[in-house]
Amino acid sequence: MAAQSSLSESVLGWSIFTIILLVILAFCWIYIRKFQSRQESEVVSTITAICALAIALITSALLPVDIFLVSFMKYPNGTYKEWAANNETRGQIEDTVLYGYYTLYSIILFCVFLWIPFVYFYYEERDDNNVNKCSQVKNALKYTIGFTIVCVVLLLIGAFVPLQPPPSQNSTQWDKVQYLFEELGSSHGLPALSFSISSLTLIGMLAVITYTAYGMSVLPLNLIKGTRSVLYERLENTEDIDDVEHQIEKLKSKCKDGRPLSSRDRHNLQELEGKLQVLRRRGRHLEIAERNCCTKVGSALRPFKILLGVFFILVALLFTVALFISNLDKALHSAGISTGFIIFGTNLTNPLNELLLALQPVFPLDYILITVITMYFVLTSMAGIRNMGIWFFWIRLYKIRPKRTRPQALLFLCMILLLIVLHTSYMIYSLAPQYVMYGSQKYLVQMPSPSPGNTTFATTRICDADAPEDQCTVTRSYLFLHKFWFFSTIYYFGNWVFIGAFLIGLVVSCCRGKKSVIEGEVEADDSDLSDDEYVH
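Source: prediction; values computed, not measured. (Residues numbered from 1 in each chain as written. Predicted model: local features only at pLDDT ≥ 70, side-chain atom pairs only at ≥ 80, totals over all residues. Heavy atoms only, no water.)

Draft legend 1. Representation of the overall build of the chain. Along its length, the chain carries 17 helices and four strands. Considering the chain as a whole, with its 536 residues, one finds that 47% of them fall into the buried category. Look at the contacts in the chain between residues 6 or more apart in sequence, and 78% of them connect residues 24 or more apart. (Helix = DSSP H or I, 4+ residues; strand = E, 2+ residues; numbered from the N terminus. Buried < 20%, exposed > 50% of the residue type's maximum accessible area, 1.4 Å probe, protein only. Contact = heavy atoms within 4.5 Å.)

Draft legend 2. Structural context of the state of the cysteines. One pass over the structure, following the stated rule, counts zero disulfides. Free of any disulfide, Cys 510 has its nearest cysteine sulfur in Cys 511, 6.7 Å distant. We classify Cys 510 as partly exposed; its relative accessible area is 47%. (Disulfide = S-S within 2.5 Å.)

Draft legend 3. Geometry of the side chain of Ser 45. Here Ser 45 lies in helix α2 (residues 43-71). Given the relative accessible area of 4%, Ser 45 is considered buried. Contacts of Ser 45, omitting those with residues within four sequence positions, involve Val 119, Pro 407 and Leu 411.

Draft legend 4. Fine view of the confidence of the model for the chain. Chain-level pLDDT for the chain is 77 on average; 83% of the residues reach the 70-or-more range. Every residue in residues 164-186 is under pLDDT 50, and counting partners more than four places away or in other chains gives 17 contacts. pLDDT under 50 marks residues 527-536. Its contacts with residues more than four places away, or in other chains, come to 21 contacts. (pLDDT = per-residue confidence, 0-100.)

Draft legend 5. Fine view of the packing of aromatic side chains. As enumerated under the stated definition, the model contains 23 aromatic pairs in all. Ring geometry for Tyr 101 against Tyr 105: centres 5.6 Å apart, planes inclined by 40°, an arrangement best described as tilted. On the criterion of helical spacing, the pair formed by Tyr 101 and Tyr 105 is a turn pair, its members being four residues apart in helix α3 (residues 87-124). For Tyr 101, a relative accessible area of 1% puts it in the buried group. Through a chain of ring-to-ring contacts, three or more aromatic side chains come together here, namely Tyr 120, Phe 121, Tyr 143, Phe 147, Tyr 398 and Phe 412. Between the NZ or CZ atom of Lys 142 and the centre of the ring of Tyr 143, over which it lies, the distance is 5.3 Å. (Phe/Tyr/Trp six-rings, centres within 6.5 Å; stacked < 30°, edge-to-face > 60°. Lys NZ or Arg CZ within 6 Å of the ring centre and 35° of its normal.)

Draft legend 6. Up close: the pattern of salt bridges. If you walk through the whole model with that rule in mind, you get three salt bridges. With a closest N to O distance of 2.9 Å, Arg 228 and Glu 236 form a salt bridge. Of the residues examined, Arg 228 reaches a relative accessible area of 25% and is grouped as partly exposed. Between Arg 282 and Glu 233 there is a salt bridge, with the nearest N and O atoms lying 2.7 Å from each other. Of this pair, Arg 282 sits in helix α8 (residues 263-291) while Glu 233 sits in helix α7 (residues 230-252); the two residues are 49 residues apart in sequence, bridging distant segments of the chain. The class for Glu 233 is buried, based on a relative accessible area of 1%. (Salt bridge = Lys/Arg side-chain N within 4 Å of Asp/Glu carboxyl O.)

Draft legend 7. Geometry of the pairing of strand β2 (residues 395-398). Bridge analysis of strand β1 (residues 390-392) against β2 gives three bridges, and the strand direction is antiparallel. Its bridge partner being in β2, Phe 392 is matched across the sheet by Ile 395. Count of turn residues in the β1/β2 antiparallel hairpin: two residues, of which Phe 393 carries a positive phi of about 55°. (Pairing = 2+ DSSP bridges.)

Draft legend 8. The side chain of Ser 217, seen in detail. Considering the arrangement of structural elements, one finds Ser 217 in helix α6 (residues 190-225). A relative accessible area of 0% means that Ser 217 is categorised as buried. Beyond its immediate sequence surroundings of up to four residues, Ser 217 is in contact with Phe 502, Gly 505, Leu 506 and Ser 509.

Draft legend 9. Helix α13 (residues 407-431), seen in detail. In a regular helix each residue adds 1.5 Å, so 25 residues correspond to 36 Å; α13 covers 35 Å between its end C-alpha atoms and thus fits that length. Its axis deflected by about 30° at His 423, α13 carries its strongest bend there. Burial analysis of α13 places 24 of its 25 residues in the buried class, which makes it a mostly covered element. (Expected span 1.5 Å × (residues − 1). Bend = angle between axes of the 7 residues up to and from the residue.)

Draft legend 10. Representation of the nonpolar core within the structure. Within the largest apolar cluster, 121 residues are counted, with the highest numbers of intra-cluster contacts made by Leu 53, Phe 319, Ile 373, Ile 385 and Leu 418. Ranked by residue count, the leading element in this core is α13, at 18 residues. Look past the residues within four positions of Ile 373 in its chain and what remains in contact with it is Phe 319, Leu 352, Ile 428 and Leu 431. Val 244, Ile 248, Leu 251 and Leu 276 belong to the second-largest nonpolar core, a separate cluster that totals nine residues. (Core = buried A, V, L, I, M, F, W, Y, C linked by side-chain atoms within 4.5 Å.)

Draft legend 11. View of the packing of helix α9 (residues 293-300) against helix α10 (residues 302-333). Interaxial distance between α9 and α10 falls to 4 Å at its minimum, and their mutual angle equals 65°. Contacts from Gly 298, Ser 299 and Ala 300 of α9 reach α10 at Arg 302, Pro 303 and Lys 305. (Axes fitted to C-alpha atoms, helices over the stretch in contact; angles between N-to-C directions.)

Draft legend 12. Seen up close, the packing of α10 against α13. Running from N to C, α10 and α13 cross one another at 80°; their axes reach a closest spacing of 8 Å. One way to sum up the angle between α10 and α13 is to call them roughly perpendicular. Two secondary-structure elements touch here, α10 through Phe 319, Ala 322, Leu 323, Ser 326 and Lys 330 and α13 through Tyr 426, Met 427, Tyr 429, Ser 430 and Leu 431. Looking at the contact of α10 with α13 residue by residue, the classes come out as seven nonpolar, two polar and one charged. (Parallel < 35°, antiparallel > 145°, perpendicular 65-115°, else oblique. Nonpolar A, V, L, I, M, F, W, Y, C, P; charged D, E, K, R; others polar.)

Now the structure itself:
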């Protein structure tokens, strides 16, 4: 009977995960197809982008499953359910989550260091005539080898960084070598994988600071502000066209008598003709937008967009306050830099952590909320990348635009999202540390009775670091996050930078005016062929 209960509880958790998986795959296909360029699309790059984006979202969905499984092992009164009373049974269930993390994190390493770089360089090396495929593959492999070497180095460093006290100085060299191999095999390669993932998470932290922080401010404010009127934009564009045409005619009138234009006038004429071309293309896009039924539906849904924007900005502010309190708690109550600012439980009242704990009695509200939080970070990251484009320091590499995004840009987008998802787990832990560690678990404590005598009575407490080790199960996500203290230290300071970046982005987004209804669709460096692609 206990075995059947164990199986049913585990199946319930993974059934929810399977449903989320199907939704994620459908979303990824729609998202990539919406943004990819029809002219430059290629089957390999499209499949790679869809799969990489799906892996990013699936990995982010594993955290709620992890919390769900450890929480469902116990009754609300703090006792283990019959099927989870055995330590071995609990270990088997948690091992399924651990293997899930192993699998997904290994796939992420494969994508970031091998698959995506190979497809990217293969497409970059493609000849216009598509003649020599072997040369393309060789050149792509040549560049990909560099990424592979970095991955191998990270795995080796992680594998041979001792996490336990080393042998004494009197030990032989063989004992020391044997100790390193035992250290590697004792946790089935967990340190190697954890070190590599933590290294990528550092890059993900930079992406979170850059894109997610900005997306958390720009997404809600764009919903609240809305877009400019199509009619007003068309009128304004028509006036600009007339003005530019008048300036062009004025310049051309200087050479009616046969005199050549000066170099300065020729330069100005070229600039004006280029500007006129962009304005005319802009006019065509505005005309299409005016006829588009989506524009009319968007206008009808304006009140709903405002409410959604207000909700998103309140959520962003809640996250920022929770992150600030969590960081302040670590600064005041942790053991400092040498321990990675790790604390067990919470000492200051964290609103998000308290909200998750308050929702525990009403199943499954707390799991729905933690899933929403996870997906919120992913969606705001997408919004940030969509609005900013892909940059390398001050150089803009690619733009993310509907129906015109190049395959290389989509691959970059998916790689950035993979890295962001890795850091998202630590961000969520920072927002609700106690809940991410133990979920909704409680344990029994024997307290002395106030009545005379040596009698005691049992009371329940929420699981924390003071709980007996066999009474509370720590999520596997937490174990992955805190394998190396120095990474936790960097993440801690990264959270402060994230808060600052969000506040700066909020000010910038507030100062900016309404977006154009065709924002990002028309750029000076676009070709006329891209307009044909857009129309069709």
